[in-house]
Structures are given as structure tokens and as C-alpha cells.
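Structural characterization, general
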Amino acid sequence: MASQRDLKPASDSPLGVAAAGSAFLIWGLSPIYWKSLAAVPAFEILMHRMIWSFVFLAPLVLAKGRFQDFVAALANGRTRLILMATTVIVGANWFLFIWAINSGHILQTSLGYYITPLVNVFLGVVFLKERLRRLQLAAVGLAAIGVTYLTLSYGRFPWVSLALAFSFGFYGLIRKVAPVGPLVGLTVETLLLSIPATAYLVYLDHAGRGAFIDAGIAITFLLMGAALVTGLPLLLFTTGAKLLRLSTVGFLQYIAPSCTFLL
């Protein structure tokens, strides 16, 4: 199970700010990467994200001597159930994000991640009983006004934005209280995701509809590289979430949608 270091109370440490900030910067620039895979169906990209992320993370678990923690997390019924829930949530979030990017809804994804910090602050206050200082309350109020304006000016109901915001918000909340470290928890999640993903990609290959190898060397390496675009920022995010208050994570999260909006 997770070490005491992993489970210590969260505090706004510089390491947490650096880790979470880096994660949001990578996510904010990631549409450039997913656009280069526009010829591949979003669901197939998602399957590759699952598998190659596990391939990326598993050696890290062994190198850091966390294999016993990994086995313990899988063996513990409560922890496994929690991680199964976060697996479903993050998988849905990944799919919707890729689909939206490659279907011409980049501004909706930007709006979604402008809303997400407000969701994080709300969840932190409601579920974790966090309290905001006056200046933070003022910042939240200004952000809420800005998001409301963007939503109304968009001209139609932003269902993609709201789905992205609430799915990632609840993912962060549940992972924060899960009794498992960031690396081990994320590795378990990608393992759980990669099992059905492998079966699906084998089916596609037998049906002659898979993009891997058949679509060319560039697409093949881009699909494999999804591990870094996926696993690295998630690892940074879960590390930062353990070291920061959820409301602080919410403020830092504006880095990602600002980058996406500029793109």
C-alpha cells in the first residue's frame, strides 16, 4: 500500500506547484499532438493511449521499487474498486478530449478546462472542507464571471465543455483521497484500461482496419508516443494533487485552457 509520504496531508509545496503546473502546460499544448493523428479514429487512439501508457509506467514502478505496492493495490478490494472508478472516469475524459480536438471543437475543450478549476474549487470546499482566503474568493468570482460570459457567448449549450470539466474534476477529487501513491495508482489504472484495449486492437488488426503499422511509420510512432503525452502529465498531476490543496490545483489549471485557447 501507499507509503506514509504518499498519504501525508496536502500542503502548497513548491514541488507540488512545479509538478501540477508542468502537467497543465503539457495538456494545454497537447492538441498539436492529437491533431497530427486526425486520420485515426478517436476510439482507436484512446486504446493506444491506454496500452502504451502502461508500457511507459510499468518499468518506472519496478525501477522505483514499488512493485509490492502495485500488487497490494490490486489485491486490496476497496483500493481496486476506487481505481476502477477513476479508470472509467479518466478513460471517458481522454476519449471525449481526443474526439473534440479532431472534430473541430477545440474551443469547447478550452472552455471545458476553464470551467474545471471552478469545479475543483467547488469540490474542494464541499467534499474536503477547504476554505478560501478573501483574495482567492475574489479570484474565483472573477473567473466565474469570465466563464459565464464565454459560455453565453458561445451560442449553444457547451455539453462537451461541461462533460470534460466534471469528469476531470471528480477524477482529481477521487485520486486525491485514494489510499495509493500517484505512480502506483496511475499504473493500476492504465493496466485496467489496457486489458480491454488490447482485445479491441487485436480485433481491429484481424479485421484489417487497424492504423498501427498499416498507416505508416509516422502514425505508428505517434501512437506509441501517446504514452508520454498521456502518462507523463497524469503522473505530474497526481503528484501535484497529493502535495497541494484541491483549490490550489484549481487555480493552476488555468494554464491548460489558456494554451488551448491561444492554439
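Keep in mind it's a predicted model, so treat the numbers as computed, not measured.

1. Quick notes on the overall build of the protein
Helix and strand counts for the protein stand at 13 helices and 0 strands. Secondary structure elements of the protein occur, N-terminal to C-terminal, as α-α-α-α-α-α-α-α-α-α-α-α-α. In summary, the protein has a C-alpha radius of gyration of 18 Å against a globular reference of 18 Å for 263 residues, a match within 12%. By its C-alpha atoms, the protein is 60 × 50 × 30 Å across when sized along the principal axes. Within the protein, the fraction of its 263 residues that count as buried is 52%. Long-range pairs, those at least 24 residues apart, make up 89% of the contacts in the protein with a sequence separation of at least 6. Between the averaged position of the 18 positive side-chain charges in the protein and that of its 8 negative side-chain charges there is a distance of 12 Å.

2. Structural notes on the pattern of salt bridges
Under the counting rule described, the total for this entry stands at 2 salt bridges. With its nearest N and O atoms 2.6 Å apart, the salt bridge here joins Arg66 to Asp69. One exposure class covers both Arg66 and Asp69, and it is buried. Arg175 serves as the salt-bridge partner of Glu189, at 3.3 Å between the closest nitrogen and oxygen. Of this pair, Glu189 sits in helix α10 (residues 182–206) while Arg175 sits in helix α9 (residues 159–177); the two residues are 14 residues apart in sequence, bridging distant segments of the chain. Among the residues examined, Glu189 registers a relative accessible area of 1% and is labelled buried.

3. Some points on the side chain of Arg175
The buried category is assigned to Arg175, whose relative accessible area is 3%. Among the polar contacts made by the side chain of Arg175, one reaches the main-chain carbonyl oxygen of Pro182 at a distance of 3.4 Å. When sequence neighbours within four positions are dropped, the list of residues in contact with Arg175 reads Leu83, Thr86, Gly181, Pro182, Gly185, Leu186, Glu189, Thr238 and Lys242.

4. Things to note about helix α8 (residues 134–154)
Across its 21 residues, α8 extends 30 Å between first and last C-alpha, which sits within 8% of the 30 Å expected from 1.5 Å per residue. Listed as buried for α8 are Gln136, Val140, Ala143 and Val147. Seen end-on, α8 carries its buried residues on one side only, within an arc spanning 65 degrees. In this structure, α8 carries Arg134, Leu135, Leu142, Ile145, Tyr149 and Leu152 as exposed residues pointing more than 90 degrees from its buried face. Where α8 is buried, its residues contact α7 (106–127) and α12 (246–252).

5. Here's the deal with the nonpolar core
Phe24, Trp27, Trp34, Leu37, Tyr171 and Phe237 are the most contacted members of the largest nonpolar core, which has 56 residues in total. Looking at this core element by element, the count peaks at 10 residues for helix α6 (residues 77–102). Beyond its immediate stretch of four places on either side in the chain, Trp27 contacts Phe97, Phe168, Pro233, Leu234, Phe237, Ala256 and Thr260. Judged by nonpolar contacts, the second largest core, of 15 residues, contains Leu111, Val121, Leu123 and Leu246.

6. Remarks on the packing of α6 against α7
Put simply, α6 and α7 touch, their axes get as near as 7 Å, and they point 140 degrees apart. Put simply, α6 runs oblique to α7. Contacts between α6 and α7 pair Asn93, Phe97, Ala100 and Ile101 from the former with Ile106, Thr109 and Tyr113 from the latter.

7. Some remarks on α7
Between its first and last C-alpha, α7 extends 31 Å over 22 residues, near the 32 Å set by a 1.5 Å rise per residue. Counting buried positions over the 22 residues of α7 gives 16, a clear majority of the element.

8. Considerations on the packing of aromatic side chains
By the definition in use, this model includes 16 aromatic pairs. Their ring planes at 80 degrees and their centres at 6.3 Å tell us that Tyr113 and Phe168 sit as a pair that is edge-to-face. Taken together, the residues Tyr113 in helix α7 and Phe168 in helix α9 connect sequence positions 55 residues apart. In this structure Tyr113 comes out as buried when scored by relative accessible area, which is 12%. Judged by its relative accessible area of 4%, Phe168 falls in the buried class. Among the aromatic residues, those joined into a ring-pair cluster are Phe24, Trp27, Phe97, Tyr113, Phe168, Tyr171 and Phe237.

The rules we used
- Residues numbered from 1 in each chain as written.
- Predicted model: local features only at pLDDT ≥ 70, side-chain atom pairs only at ≥ 80, totals over all residues.
- Heavy atoms only, no water.
- Helix = DSSP H or I, 4+ residues; strand = E, 2+ residues; numbered from the N terminus.
- Rg over C-alpha atoms; globule rule 2.2 N^0.38 Å.
- Buried < 20%, exposed > 50% of the residue type's maximum accessible area, 1.4 Å probe, protein only.
- Contact = heavy atoms within 4.5 Å.
- Lys, Arg positive; Asp, Glu negative; His and termini not counted.
- Charge placed at Lys NZ, Arg CZ, Asp CG, Glu CD.
- Salt bridge = Lys/Arg side-chain N within 4 Å of Asp/Glu carboxyl O.
- Polar contact = N/O pair within 3.5 Å; in protein donor to acceptor, adjacent residues only side chain to side chain.
- Expected span 1.5 Å × (residues − 1).
- Arc of directions from axis to C-beta.
- Core = buried A, V, L, I, M, F, W, Y, C linked by side-chain atoms within 4.5 Å.
- Axes fitted to C-alpha atoms, helices over the stretch in contact; angles between N-to-C directions.
- Parallel < 35°, antiparallel > 145°, perpendicular 65-115°, else oblique.
- Phe/Tyr/Trp six-rings, centres within 6.5 Å; stacked < 30°, edge-to-face > 60°.

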